[in-house]
Amino acid sequence: MDILKEAPKELDLDGLVHLENMFVEYGRDDGLAAGGRHGFIEGRVMGCEKGFELSREVGYYAGCAQLWKTIATQFPDRISDKTMKKINSLLDLINTFPRQNQLSDDVIALLDKIRGKFKTVASALQSPERYADQPKSMMFY
């Protein structure tokens, strides 16, 4: 019975509320730090994957254009001068595509131009060539 006499009649909740707030703040700070680390890593992985996808597509267009140019030089009577100019124009666009990381939206606009020019050349050559997306790469870091 002595214990009941010593216990206060009202509980002091201020200390418990302060303790809870303190742990919420610690958890928030830890979560922000962990999120920053994981977000940085995830962003790097996603950037590598997207860069690889863009480069693979542009490489496909470059390979087709080089093949068409080679065929045109070996069989000049089969491909008109107008189509040859379109092939060279496509190659010029491909050569202007940046090989380094850039922080601009011009890369997407340039890729759209390359796609359009590729379709024009393929149509002029009556070629069924088109870029087909491959399954997503399974890169692990």
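Below is a summary of the structure that appears in this document. (Residues numbered from 1 in each chain as written. Predicted model: local features only at pLDDT ≥ 70, side-chain atom pairs only at ≥ 80, totals over all residues. Heavy atoms only, no water.)

1. What to know about the overall build of the protein chain
Okay, step 1: A tally of helices and strands in the protein chain yields 4 helices and 0 strands.
Okay, step 2: Taken from the N to the C terminus, the helices and strands of the protein chain come in the order α-α-α-α.
Okay, step 3: Within the protein chain, the proportion of its 141 residues that are buried is 20%.
Okay, step 4: Considering only residue pairs separated by 6 or more positions, the protein chain has 69% of its internal contacts joining residues 24 or more positions apart.
Okay, step 5: When the accessible area of the protein chain is evaluated, it comes to approximately 11,400 Å², of which 57% is carbon and sulfur surface. (Helix = DSSP H or I, 4+ residues; strand = E, 2+ residues; numbered from the N terminus. Buried < 20%, exposed > 50% of the residue type's maximum accessible area, 1.4 Å probe, protein only. Contact = heavy atoms within 4.5 Å. Areas by Shrake-Rupley, 256 points an atom, 1.4 Å probe, with all protein chains shown as cover.)

2. What about a nonpolar patch on the surface?
Okay, step 1: Residues Leu19, Phe23 and Tyr26 make up a contiguous nonpolar surface patch of about 330 Å² in total accessible area.
Okay, step 2: By the secondary structure assignment, Tyr26 is in helix α2 (residues 13–74).
Okay, step 3: Tyr26 gets classed as partly exposed once you look at its relative accessible area, which sits at 48%. (Patch = residues over 30% accessible without salt bridge, like charges linked within 9 Å, V, L, I, M, F, W, Y side chains within 5 Å. Salt bridge = Lys/Arg side-chain N within 4 Å of Asp/Glu carboxyl O.)

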